[in-house]
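Residue-level structure breakdown
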Amino acid sequence: MQPTLVILAAGMASRYGSLKQIQGFGPSGETIMEYSIYDAIRSGFGKVVFIIRKDFEQNFREQFGSKLEGKINVEYVFQDLNAYVEGDVPADRTKPWGTAHAVLCAKSAVQEPFAVINADDFYGRDAFEKAYNFLVNDCNERTYAIIGYELLKTLSDHGTVNRGVCRLDEKGNLKSIAERLNIALRDGKITCDDGMEPHELPLDSSVSMNFWCFHPSIFAISHDMFREFVNVNKENPKAEFFIPIVADEFSKSGKGVIPVIATSADWFGVTYKEDAPSVQASLDALVEKGEYPQSLWG
């Protein structure tokens, strides 16, 4: 069975200021996620599942419907505040429940090993090929994976970023992952302005860019954890149920292991509007080198 690509595209883009998921950056107006889909198709993925808000549906169907027809199977699922919540959603909760909840919302559309990525990040062909090989050959109920990127290569010149910083054991498996906030390169050092220790991070730290490889067993684990998360955070309207929370519990509880698969691919993304010109330049350079065609879909 071919693995599936799940794309997280329900975010509110509060720091960016607009619907960056469908903004054109490529030389023929391609979105960043179209490059991910293109890489997934040529790596062997058989389906793409867009996780979006219901009010994004028309925009997404217009953007991708004709382009992807006949190239890869497509499904849309919606991240709704009420999904998998027992009882009423707290009245002051307007923010989505977070990335792990978004993945949980794809439960009905995914029955095979799958990868999860962000809509607004460029991950590179090498990352998709390694993810495909893992999902086909090594993924099971006790073995998930994460594609690891070098922290220094994932920073923005235009503001701070948040990253899931990984600690590895002696076998290269994920030992723990911590969501660190307000990371930036300052005076040649990478520092976090989030009140946590350590304040300074090694330049070669391995970080999660939310490129995960999962077995469908993740849905049952996430469902149980989300139920508890909602109970604990009913009075916190901004609390989010992140994928690293589930991954951390999976590893520490002994349910299984998560190898950290290093990729040689360059990452880039758009956290701020000021990132857009460099993203466009990076895509133009890859096209110029022949790694992607001038127009992805001909």
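Residues numbered from 1 in each chain as written. Predicted model: local features only at pLDDT ≥ 70, side-chain atom pairs only at ≥ 80, totals over all residues. Heavy atoms only, no water.

Some points on the side chain of Asn-233
If you trace the backbone, Asn-233 turns up in the loop between helix 5 (218-232) and helix 6 (243-252). Among the polar contacts listed, one links the side chain of Asn-233 to the backbone oxygen of Phe-229, at a separation of 2.9 Å. (Helix = DSSP H or I, 4+ residues; strand = E, 2+ residues; numbered from the N terminus. Polar contact = N/O pair within 3.5 Å; in protein donor to acceptor, adjacent residues only side chain to side chain.)

Structural notes on the nonpolar core
Counting 57 residues, the largest nonpolar core has Phe-50 and Phe-211 as its most contacted members. Leu-104, Tyr-144, Phe-241 and Ile-258 belong to the second-largest nonpolar core, a separate cluster that totals 39 residues. (Core = buried A, V, L, I, M, F, W, Y, C linked by side-chain atoms within 4.5 Å. Buried < 20%, exposed > 50% of the residue type's maximum accessible area, 1.4 Å probe, protein only.)

As for helix 7 (residues 276-288)
With 13 residues, helix 7 extends 18 Å between its outermost C-alpha atoms, agreeing within 8% with the 18 Å of an ideal straight helix rising 1.5 Å per residue. Within helix 7, burial applies to Ala-276, Val-279, Leu-283, Leu-286 and Val-287. Seen from one end, helix 7 has its buried residues packed into an arc of 100 degrees, which puts them on one side. Along helix 7, the residues that are exposed and aim more than 90 degrees away from the buried face are Pro-277 and Glu-288. The inward-facing, buried residues of helix 7 abut helix 1 (32-43), strand 5 (121-122) and strand 13 (268-269). (Expected span 1.5 Å × (residues − 1). Arc of directions from axis to C-beta. Contact = heavy atoms within 4.5 Å.)

Focus on the pairing of strand 6 (residues 145-150)
Counted residue by residue, strand 6 has five buried out of six residues, so it is predominantly covered. The sheet contact formed by strand 6 and strand 11 (residues 206-214) spans five bridges and is antiparallel. Each residue of the ladder has a partner; that of Ile-146, found in strand 11, is Trp-212. Examined bridge by bridge, strand 6 and strand 12 (residues 260-262) share three bridges and lie parallel to one another. Along strand 12, the bridge assignment pairs Ile-146 with Val-260. (Pairing = 2+ DSSP bridges.)

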